[in-house]
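Listed here are the chains, written in short residue letters.
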Amino acid sequence: MTTRIAMWSGPRNLSTAMMYSFAARGDCRVVDEPFYAAYLAETGSDHPMRDAILASQSSNPVEIAESLISPLLEPIFYQKHMTHHMLPDWPMAWMEEVQNVFLIRHPARVVASYAAKREAPTLDDIGFVQQAQIMERVDNPIVVDASDIRLDPSHMLQGLCAALGIPWTDDMLHWPAGGHSSDGVWAAHWYGAVHRSTGFAGPEGPLPEVTGPLAELVEAAMPHYEAMAAHKIT
């Protein structure tokens, strides 16, 4: 039996570090944003490295969904998903066969980080609405906050492993610098900081100050973040 973990996150969260953390266990297969190419093909969104992403992955959401629940030898299968990649008319029955975890982060931190990489983000880009909608449709969701993980990685990851019913190992606290073989091709644009890391960064500082349209975006995302945060493990 393979424990399948679907980790749902918006962009500019702790999602890549969490993927590296699970990969470092030694008993876990990981996959990086398997629906990204399908999302780009369906929406026509102009993302950095669009052509390379489309060439690197399947664009068939049915085929991708089947791959996420197919038999594996590894006892754990960690799936890193971006919530905005899951479009409403795509197959979602596969979610009933995985444990769904929701990795949240304060919208001000997400917006400030995203805007530094891609101009003029929208509410759809940062995934809070989609994350809350996916959470509403699954049974027994698990919620973890990136700030809590950075504050005390050992404590929070032990709690997450307990909630998932998998053994804890402190191998999850460290990984080799330079990335992972399962990184998506887009890693060259987005993963610079985490490629230089060998473990979780320390506690986050004060919330960044954002103004104008970015502040409005934070305000729009906050109700969704707060609704999910009410269920987070501590």
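Source: prediction; values computed, not measured.

Here helix α7 (residues 128-137) crosses helix α12 (residues 212-229) at 35°, and the two axes come no closer than 9 Å. Regarding α7 and α12, the two cross each other, and that crossing is left-handed. Contacts between α7 and α12 pair Phe128, Val129, Gln131, Ala132 and Met135 from the former with Ala221, His224, Tyr225 and Met228 from the latter. When grouped by side-chain class, the residues that make up the contact of α7 with α12 number seven nonpolar, two polar and no charged.

Turning our eyes to something else, we now look at helix α5 (residues 107-117). Three or four residues apart is the spacing at which side chains of an α-helix point the same way, because the helix has 3.6 residues per turn. Where α5 is concerned, the buried positions are Pro107, Ala108, Arg109, Val110, Val111 and Tyr114. In this structure, the buried side of α5 is in contact with α6 (123-126), α7, α8 (146-151), α10 (187-190) and α12.

Bringing the environment of phenylalanine 77 into the picture now. Mapped onto the fold, phenylalanine 77 is located in strand β3 (residues 76-82). For the pair phenylalanine 77 and aspartate 27, spaced 50 residues apart in sequence, the C-alpha to C-alpha distance is 8.7 Å. Ignoring sequence-local partners within four residues, the contact set of phenylalanine 77 consists of Thr2, Thr3, Arg4, Ile5, Cys28, Arg29, Val30, Val31, Ser67, Leu68 and Leu72.

Across all of its chains, the model carries ten salt bridges by this definition. A salt bridge links aspartate 145 to lysine 232; the nearest nitrogen and oxygen atoms lie 3.8 Å apart. Here aspartate 145 is found in strand β5 (residues 142-145), whereas its partner lysine 232 is found in the segment after α12, with 87 residues between them in sequence. The residue arginine 150 makes a salt bridge to glutamate 204 at a minimum N-O spacing of 3.4 Å. Of this pair, arginine 150 sits in helix α8 while glutamate 204 sits in the loop between α11 (192-195) and α12, placing them 54 residues apart in sequence. As far as the burial class goes, arginine 150 and glutamate 204 line up, both buried. Because the salt bridges share partners, they merge into one network encompassing Arg105, Arg109, Arg150 and Glu204.

Calculation notes
- Residues numbered from 1 in each chain as written.
- Predicted model: local features only at pLDDT ≥ 70, side-chain atom pairs only at ≥ 80, totals over all residues.
- Heavy atoms only, no water.
- Axes fitted to C-alpha atoms, helices over the stretch in contact; angles between N-to-C directions.
- Helix = DSSP H or I, 4+ residues; strand = E, 2+ residues; numbered from the N terminus.
- Left-handed = near helix turned anticlockwise from the far one by under 90°.
- Contact = heavy atoms within 4.5 Å.
- Nonpolar A, V, L, I, M, F, W, Y, C, P; charged D, E, K, R; others polar.
- Buried < 20%, exposed > 50% of the residue type's maximum accessible area, 1.4 Å probe, protein only.
- Salt bridge = Lys/Arg side-chain N within 4 Å of Asp/Glu carboxyl O.

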